[in-house]
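Chain by chain, the residues run as shown.
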Amino acid sequence: MGVNVPRTLAVIAVCAVCTLLERALPFLIFRGREVPKVVKNLGAALPAAIITTLIVYCLRSYAASAAIIPQLIACAVTVVLHLWRRNSFLSIFGGTAVCMLLTQFVF
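Thresholds applied
- Residues numbered from 1 in each chain as written.
- Predicted model: local features only at pLDDT ≥ 70, side-chain atom pairs only at ≥ 80, totals over all residues.
- Heavy atoms only, no water.
- Helix = DSSP H or I, 4+ residues; strand = E, 2+ residues; numbered from the N terminus.
- Rg over C-alpha atoms; globule rule 2.2 N^0.38 Å.
- Buried < 20%, exposed > 50% of the residue type's maximum accessible area, 1.4 Å probe, protein only.
- Contact = heavy atoms within 4.5 Å.
- Areas by Shrake-Rupley, 256 points an atom, 1.4 Å probe, with all protein chains shown as cover.
- 1 Å grid on protein atoms, 1.4 Å probe; cavity = no way out; pocket = protein on both sides within 12 Å on 5 of 7 lines; lining within 4 Å.
- Points joined across faces, edges and corners; volume = space filled by probe spheres on them.
- Salt bridge = Lys/Arg side-chain N within 4 Å of Asp/Glu carboxyl O.
- Polar contact = N/O pair within 3.5 Å; in protein donor to acceptor, adjacent residues only side chain to side chain.
- Expected span 1.5 Å × (residues − 1).
- Bend = angle between axes of the 7 residues up to and from the residue.
- pLDDT = per-residue confidence, 0-100.

**A word on the overall build of the protein**
Here comes step 1: Secondary structure summary: the protein contains four helices and zero strands in total.
Here comes step 2: Counted from the first residue to the last, the protein has its helices and strands arranged as α-α-α-α.
Here comes step 3: Taking 107 residues into account, the globule formula puts the C-alpha radius of gyration at 13 Å, and the protein, at 20 Å, lies well above it.
Here comes step 4: Along the first, second and third principal axes, the C-alpha set of the protein runs to 55 × 50 × 25 Å.
Here comes step 5: Here the protein, with 107 residues, has 10% of them falling under the buried criterion.
Here comes step 6: In the protein, of all internal contacts separated by at least 6 residues, the share reaching a separation of at least 24 is 37%.
Here comes step 7: Accessible area of the protein: about 8900 Å², with a carbon and sulfur share of 74%.

What follows is the structure in structure tokens.
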């Protein structure tokens, strides 16, 4: 039972084309037109909803143990960094670094 190389390459090609189209279609569809209000509303609401979902997902398994403390501290650091600098890279990197340092060396 070997790897079917042509099929694998075809799947990769289809995924690449779909990814490219997902990124390009909004610009092709709305070229020269006003972006619909519902899309603007989604653009405003979805980031907070996604972040909330990620936080719940990440912390759900720690809810009943003391191991949640470094994760909560890291979440707080991430929020503070983001509110302070408004830089997603800095907030994600800083929160991850704090979480890893606390988990490895403190708790």
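**Looking at the layout of surface pockets**
Here comes step 1: There is about 710 Å³ of room inside the largest pocket.
Here comes step 2: Around the largest pocket, the lining comprises 19 residues; the ones closest to its centre are Ile51, Ile55, Cys75, Thr78 and Ile92.
Here comes step 3: Within the residue set of the lining of the largest pocket, elements represented by two or more residues are helix H2 (37-59), helix H3 (68-85) and helix H4 (88-106).
Here comes step 4: The greatest single-element share of the lining of the largest pocket, amounting to seven residues, is contributed by H3.

**Some words on unusual backbone geometry**
Most peptide bonds take the trans form, and the phi angle of most residues other than glycine is negative.
Here comes step 1: Unlike most non-glycine residues, arginine 86 shows phi in positive territory, near 55°.
Here comes step 2: For arginine 86, the location among the structural elements is in the loop between H3 and H4.

**Description of the pattern of salt bridges**
Here comes step 1: The tally for this structure, following the rule as stated, stands at one salt bridge.
Here comes step 2: The salt bridge partner of glutamate 34 is lysine 40, with a shortest N-O separation of 2.7 Å.
Here comes step 3: Assessed through its relative accessible area of 61%, glutamate 34 is described here as exposed.

**Quick notes on the environment of threonine 103**
Here comes step 1: Relative to the elements of secondary structure, threonine 103 occurs in helix H4.
Here comes step 2: With 36 residues separating them in the primary sequence, threonine 103 and alanine 67 have C-alpha atoms 8.4 Å apart.
Here comes step 3: Ignoring anything within four residues of it in the chain, the contact list for threonine 103 reads Pro70 and Gln71.
Here comes step 4: A polar contact of 2.7 Å, which involves the side chain of threonine 103, links it to the backbone oxygen of cysteine 99.

**Details of helix H1 (residues 5-29)**
Here comes step 1: Spanning 25 residues, H1 covers 35 Å between terminal C-alpha atoms, matching the ideal 36 Å at 1.5 Å per step.
Here comes step 2: Helix geometry: H1 is bent most strongly at arginine 23, by close to 35°, with proline proline 26 lying one to four residues after it.

**Quick look at the confidence of the model for the protein**
Here comes step 1: Summing up the model confidence of the protein, the mean pLDDT is 87 and the portion of residues at 70 or higher is 97%.
Here comes step 2: Within the protein, H1 carries the highest mean pLDDT (92), whereas H2 carries the lowest (85).

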